[in-house]
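Observations on chain architecture
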Amino acid sequence: MENCSVNGASGKLDRKTVERNRRIRMNGLIHELTSLVPPQHFVPSKEQLSQRDQIDQVAAYIMQLKDRVEKLRKTKELVKRKIKTKDSNTGNSAIPGSRIPVVKIREIGSSLEVVLVTGLGKNFGLHEVIIVVEEQGVEVVSISISTMDNRICHILHAQVKVSRLGVDTLTIYDRLQKLIN
């Protein structure tokens, strides 16, 4: 009879330990999940958010990312269709006088987006592009490269190091034109 009560108490301790370990593990996973979301995507609050609120905000952020990805996919398809129709209207894009290479620079606040579109046969070092951009006081944050048909598209996202000074986009544009032409 005494063994039953000892085994029962031992079973309760095991269940409590298992439950405590589960809660600790879940708290760790929730903390890891929320640490992956940039802090600016959390709604500011004077008190600490509950785990449920944190998970809700993470889910909302994930939905925003899904919507953005879908929007970018549609834009990519639209651009591909436009390029195909333009290529079919002008013949072959490798014809001299066509619009390759392309250099576009867009300044968005303290950020800069540099788009370079070249043909497959055009060789230049991407490191040279980075040097040109960084010499003007801009730090390259990310680069994406994609190929479509016979074109390579390089997109550089950069951040202005000293935002009060701004950046001379015209100089960057001219130097990049010289580099890829």
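Quick caveat, the model's predicted, so the values are computed rather than measured.

Quick notes on the pattern of salt bridges
Going through the model one piece at a time under the given rule, you end up with five salt bridges. R22 is paired through a salt bridge with E19; the nearest N and O atoms lie 2.7 Å apart. With R22 and E19 both in helix α1 (residues 2-35), this residue pair falls three residues apart, about one helical turn. As a salt-bridge pair, E135 and R175 come within 2.7 Å of each other at their nearest N and O atoms. One end of the pair, E135, is in the loop between α3 (126-134) and β3 (138-148); the other, R175, is in helix α4 (residues 169-180), and 40 residues separate them in sequence.

Some details on α3
Of all the residues in α3, the buried ones are V129, V132 and V133. For α3, the angular spread of the buried residues around the axis is 95 degrees, confining them to a single face. Each element contacted by the buried residues of α3 is listed here: β2 (111-119), β3, β4 (151-160) and α4.

Thoughts on the environment of V117
Positionally, V117 belongs in strand β2. Relative accessible area serves as the criterion here: at 16%, V117 is assigned to the buried category.

Remarks on the UniProt feature "coiled-coil region" (unreviewed entry) in the protein
Per the UniProt record, "coiled-coil region" (unreviewed entry) is found at residues 55-82. Spanning residues 55-82, this segment combines 100% helix with 0% strand, and its end C-alpha atoms are found 40 Å apart.

Some points on α4
It helps to recall that an α-helix has 3.6 residues per turn; residues three or four apart then point in one direction. For α4, built from twelve residues, the straight-helix expectation of 16 Å at 1.5 Å per residue is met to within 8% by its first-to-last C-alpha distance of 16 Å. Along α4, the residues classified as buried are I172, L176, Q177 and I180. Buried positions in α4, seen along its axis, are confined to an arc of 130 degrees and lie on one side of it. Opposite the buried face of α4, by more than 90 degrees, sit the exposed residues L170 and K178. On its buried face, α4 is in contact with β1 (102-108), β2 and α3.

What counts and how
- The residue numbering used here restarts from 1 in each chain and proceeds along that chain's sequence as written.
- Per-residue local features of the predicted model are confined to residues with pLDDT of at least 70, and side-chain atom pairs are confined, for both listing and counting, to 80 or more; whole-chain, interface and lining totals are unaffected and use all residues.
- For side-chain calculations, the full set of non-hydrogen atoms in the structure is used, while hydrogens and water are omitted.
- The term salt bridge refers to a pairing of a side-chain nitrogen on Lys or Arg with a carboxyl oxygen on Asp or Glu at a separation within 4 Å.
- Runs of H or I in DSSP of at least four residues are treated as helices and runs of E of at least two as strands, each being numbered from the N terminus.
- Burial classification: accessible surface area is computed with a 1.4 Å probe over protein chains only, and a residue below 20% of its type maximum counts as buried, one above 50% as exposed, and the rest as partly exposed.
- The arc in question is traced by the directions running from the helix axis to the C-beta atoms.
- By definition in these notes, contact holds between two residues if any of their heavy atoms fall within 4.5 Å.
- UniProt positions are given in the numbering used here, feature names are shortened, and annotations may be inferred rather than shown by experiment.
- Helix span, expected: 1.5 Å multiplied by one less than the number of residues in the helix.

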